[in-house]
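Architecture at a glance
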Amino acid sequence: YASLLGVCSETGCLRRLRWSKEDAVRHTNAFAAGVLGLATPPPLDAAALQRMGLAGVRGVAAKTTSLSCFSVAGNAPRHKGRCDLG
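Reading guide: rules and limits
- Residues numbered from 1 in each chain as written.
- Predicted model: local features only at pLDDT ≥ 70, side-chain atom pairs only at ≥ 80, totals over all residues.
- Heavy atoms only, no water.
- Disulfide = S-S within 2.5 Å.
- Buried < 20%, exposed > 50% of the residue type's maximum accessible area, 1.4 Å probe, protein only.
- Core = buried A, V, L, I, M, F, W, Y, C linked by side-chain atoms within 4.5 Å.
- Helix = DSSP H or I, 4+ residues; strand = E, 2+ residues; numbered from the N terminus.
- Contact = heavy atoms within 4.5 Å.
- Expected span 1.5 Å × (residues − 1).
- Polar contact = N/O pair within 3.5 Å; in protein donor to acceptor, adjacent residues only side chain to side chain.

Defined simply, a disulfide is a covalent bond joining two cysteines at their sulfur atoms. Scanning the model with the defined rule gives zero disulfides in all. Summary of cysteine pairing: Cys 8 is not part of a disulfide, and the nearest cysteine sulfur, belonging to Cys 13, is at 5.0 Å. We classify Cys 8 as buried; its relative accessible area is 10%.

Now for the nonpolar core. Membership of the largest hydrophobic core is limited to eleven residues, which are Tyr 1, Leu 5, Val 25, Ala 32, Leu 44, Ala 48, Leu 49, Met 52, Leu 54, Val 57 and Val 60. Contributions of two or more residues to this core are made by α3 (21-34) and α4 (46-52). When residues in this core are grouped by element, the largest group, three residues, is from α4. In this structure, Val 60 is in contact with Leu 5, Val 25, Leu 44, Leu 49 and Leu 54, ignoring residues within four places of it in sequence.

Moving on: α3. Helix length check: α3 (14 residues) gives 20 Å between terminal C-alpha atoms against 20 Å at 1.5 Å per residue, within 8%. Packing partners of the buried residues in α3 comprise α1 (2-8) and α2 (11-17).

Mapped onto the elements, Thr 28 comes out in helix α3. Judged by its relative accessible area of 1%, Thr 28 falls in the buried class. Thr 28 has contacts with Tyr 1, Leu 4, Leu 5 and Cys 8, leaving out every residue within four places of it along the chain.

Before going further, it helps to examine the environment of Asn 29. Its place among the elements puts Asn 29 in helix α3. Along the chain, Asn 29 and Gly 59 lie 30 residues apart, while their C-alpha atoms are 7.8 Å from each other. Looking at Asn 29, its side chain comes within polar contact range of the side chain of Tyr 1, at 2.5 Å.

Turning to unusual backbone geometry, a few remarks are in order. Located in the positive-phi region is Arg 18, a residue other than glycine, with phi close to 60°. By the element assignment, Arg 18 lies in the loop between α2 and α3.

Any link to function would need more than the numbers given here.
What follows is the structure, encoded as structure tokens:
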């Protein structure tokens, strides 16, 4: 879901399809429901939504918490040790 949303939200893809960001979210959510069988689209990390340019777009949900045991160096997540999932 996140990968498809990321590809669909790229400017070049939006331009070729003549979609707005809201259209990309709507079509990706329809794919998630119809093909993946998800009742609701999964929430995505707020930082990822920001990088995709989708923060605040209607129809996309942001996670309210994140795992503190991961950090992002460049584009690759790095495990920092013990996770507290509590």
